[in-house]
Amino acid sequence: MKLGVVGLPNVGKSTLFNAITQAGAESANYPFCTIEPNVGVVAVPDERLDLLAKLYNSKKVTPTVLEFVDIAGLVKGASKGEGLGNKFLSHIREVDAIVHVVRCFADSNITHVDGSVNPLRDIETIEFELIFADMESVQKRANRARTSAKGGDKKYIVEAELMDRIYAELESGKPARLIDMTDDEKEIARDLFLLTAKPVIYAANVSEDDVASNGNDFVKAVEDYAGKQGAKTVVICAKLEEELASMDDEDRELFRAEYGIEKSGLDKLVSACYDLLGLISYLTAGEKETRAWTITKGTKAPQAAGKIHSDFERGFIRAEIVDWKVLLECGSYVAAKEKGKVRSEGKEYVIKDGDVVLFRFNV
């Protein structure tokens, strides 16, 4: 899964990226210090893996991974090519969700491209540029559909009408993710790869003084806006996260306690991302490897098996399921089975978060 980190210049975007990925992206107090997108792959924190690996004495532990893409700061006019905008927008098209870093702190030593701190204005600047880019894509598609519709093909007539409706909604300031569409219409629109159709997490970047209180008036404004947009908000101090990333475990715990930081920025982003995208993880465990597998909520057992290998789905017989906590309480898979805690489930079983699964298949 790929997350695009976006925001105006000098909002703490690259600082946060460095902290959560420790990839060492350049970070500086001037616009466009990021031109080519930096990419960092990080393991999703999951305490269940370590506990299960210890139980099984696993030789290998494989967590789920997220790919963060640090996309250069956008500015007004990006949709028209300002600030290398077209190039930056193309990078956003390739991600699954957007992490929009918003500056929610005042600091006279760090310049702001618009001269003052106003998170809602900053959000709208980026949002409008994405909308403008989407409007251009929709208009091109509408023109092609109208040309094809001259032959009387109903398919293209329906498509042209849909494009016109989407264009009007975008023009009114509504992002594509909030436009009501039927499943058939969503299928047509999916080929457009609209930027504003992507789920959004707002990362409210606060000062060291505001991190313990989990925000300030700027953050409240962002949370209110996000709520109306069906988006998520996480409160993060990028500067502190960067310091934490460079510490060993003992110093990190003391530092967190001093500032009242319960969860890391990465933990917060992962939790918000999974919730926003409707994702869960099931687990496989054994002496050879303990591993987490990410799927969407509602996935049935055969399709979850297919995440491991297509043969597992094709030859699916059944899934042996035990909750991870129950497995740990029993002390072993054999003990859990003897106590009747391991269930045999068929093709209609919907996998749950934290299920430890052993798939039976025959090809």
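Let us look at the structure shown here. (Residues numbered from 1 in each chain as written. Predicted model: local features only at pLDDT ≥ 70, side-chain atom pairs only at ≥ 80, totals over all residues. Heavy atoms only, no water.)

### Here we look at helix H12 (residues 301-308)
Here's step 1: Among the residues of H12, Ala 301, Pro 302, Ala 304 and Ala 305 are the ones counted as buried. Across the axial projection of H12, the buried residues extend over an arc of 160°, all falling on one side.
Here's step 2: Buried residues belonging to H12 abut strand S8 (279-284), strand S9 (290-296), helix H13 (310-314), strand S10 (316-323) and strand S12 (355-361). (Buried < 20%, exposed > 50% of the residue type's maximum accessible area, 1.4 Å probe, protein only. Helix = DSSP H or I, 4+ residues; strand = E, 2+ residues; numbered from the N terminus. Arc of directions from axis to C-beta. Contact = heavy atoms within 4.5 Å.)

### Looking at the environment of Val 61
Here's step 1: As for its placement among the helices and strands, Val 61 is situated in strand S3 (residues 61-62).
Here's step 2: On a C-alpha basis, the gap between Val 61 and Lys 288 in space is 8.9 Å, while along the polypeptide they are 227 residues apart.
Here's step 3: When near neighbours in sequence (up to four residues on either side) are disregarded, Val 61 contacts Leu 49, Asp 50, Ala 53 and Thr 290.

### Describing the sheet that holds strand S5 (residues 97-103)
Here's step 1: Reading across the sheet, the six strands line up as S2-S4-S1-S5-S6-S7 and stay open at both edges, with mixed pairing between neighbours. Only two strands of the sheet have a single neighbouring strand rather than two, namely strand S2 (38-43) and strand S7 (232-236). Across the sheet, the axes of successive neighbouring strands diverge by a mean angle of 25°, strand direction being ignored.
Here's step 2: With four bridges joining them, strand S1 (residues 2-6) and S5 adopt parallel strand pairing. Bridge pairing in S5 places Val 5 opposite Val 99.
Here's step 3: Packing of helix H1 (residues 13-21) onto the sheet brings it into contact with S1, S2, strand S4 (65-70), S5, strand S6 (200-205) and S7, and relative to S4 it is tilted by some 155°.
Here's step 4: Seen against the sheet, helix H11 (residues 265-277) touches S1, S2, S4, S5, S6 and S7 and runs at an angle of roughly 180° to S7. (Pairing = 2+ DSSP bridges. Axes fitted to C-alpha atoms, helices over the stretch in contact; angles between N-to-C directions.)

### A word on the packing of aromatic side chains
Aromatic ring pairs are described here by two measures, namely the spacing of the ring centres and the angle between the planes.
Here's step 1: Applying the stated criterion to the full structure yields six aromatic pairs.
Here's step 2: With 6.4 Å between their ring centres and 65° between their planes, Phe 316 and Phe 359 make a pair best called edge-to-face. One end of the pair, Phe 316, is in strand S10; the other, Phe 359, is in strand S12, and 43 residues separate them in sequence. Both residues of the pair, Phe 316 and Phe 359, belong to the buried class.
Here's step 3: Three or more aromatic residues joined by ring pairs form one cluster here, namely Tyr 282, Phe 316 and Phe 359.
Here's step 4: Its end group placed over the ring of Phe 105, Arg 103 keeps NZ or CZ at 4.6 Å from the ring centre.
Here's step 5: Over the face of the ring belonging to Trp 293 we find Arg 291, whose NZ or CZ atom lies 4.1 Å from the ring centre. (Phe/Tyr/Trp six-rings, centres within 6.5 Å; stacked < 30°, edge-to-face > 60°. Lys NZ or Arg CZ within 6 Å of the ring centre and 35° of its normal.)

### Side note on the packing of helix H4 (residues 119-149) against helix H5 (residues 154-171)
Axis angle and axis distance: for two packed helices, these are the angle between their axes and the distance between the axes, and together they describe the pair.
Here's step 1: Two numbers describe how H4 lies on H5: the axes approach to 8 Å, and their chain directions differ by 160°. By the angle between their directions, the pair H4 and H5 is classed as roughly antiparallel. Handedness of the crossing formed by H4 with H5: left-handed. Contacts from Ile 131, Asp 134, Met 135, Val 138, Gln 139, Arg 141, Ala 142, Ala 145, Arg 146, Ser 148 and Ala 149 of H4 reach H5 at Tyr 156, Ile 157, Glu 159, Ala 160, Met 163, Asp 164, Ile 166, Tyr 167, Leu 170 and Glu 171.
Here's step 2: Residue composition of the contact of H4 with H5, by class: 13 nonpolar, two polar and six charged. (Parallel < 35°, antiparallel > 145°, perpendicular 65-115°, else oblique. Left-handed = near helix turned anticlockwise from the far one by under 90°. Nonpolar A, V, L, I, M, F, W, Y, C, P; charged D, E, K, R; others polar.)

### Some details on a nonpolar patch on the surface
Here's step 1: On the surface, a cluster of nonpolar side chains totalling about 250 Å² of accessible area is made up of Val 39, Val 41 and Val 65.
Here's step 2: In this structure, Val 41 sits in strand S2. (Patch = residues over 30% accessible without salt bridge, like charges linked within 9 Å, V, L, I, M, F, W, Y side chains within 5 Å. Areas by Shrake-Rupley, 256 points an atom, 1.4 Å probe, with all protein chains shown as cover. Salt bridge = Lys/Arg side-chain N within 4 Å of Asp/Glu carboxyl O.)

### So, the pattern of salt bridges
Here's step 1: Evaluation of the coordinates by the stated rule reveals 23 salt bridges.
Here's step 2: Arg 256 is the salt-bridge partner of Glu 253, the closest N and O atoms lying 3.7 Å from each other. Of this pair, Glu 253 and Arg 256 are both found in helix H10 (residues 249-259), three residues apart, which corresponds to roughly one turn of the helix.
Here's step 3: For Glu 253, a relative accessible area of 49% corresponds to the partly exposed category.
Here's step 4: Between Glu 320 and Arg 318 there is a salt bridge, with the nearest N and O atoms lying 3.4 Å from each other.

### Brief notes about the side chain of Thr 21
Here's step 1: When you line up the elements, Thr 21 lands in helix H1.
Here's step 2: Among the polar contacts listed, one links the side chain of Thr 21 to the backbone oxygen of Phe 17, at a separation of 2.6 Å.
Here's step 3: Those residues in contact with Thr 21, other than ones at most four positions away along the chain, are Gly 40, Val 42 and Phe 68. (Polar contact = N/O pair within 3.5 Å; in protein donor to acceptor, adjacent residues only side chain to side chain.)

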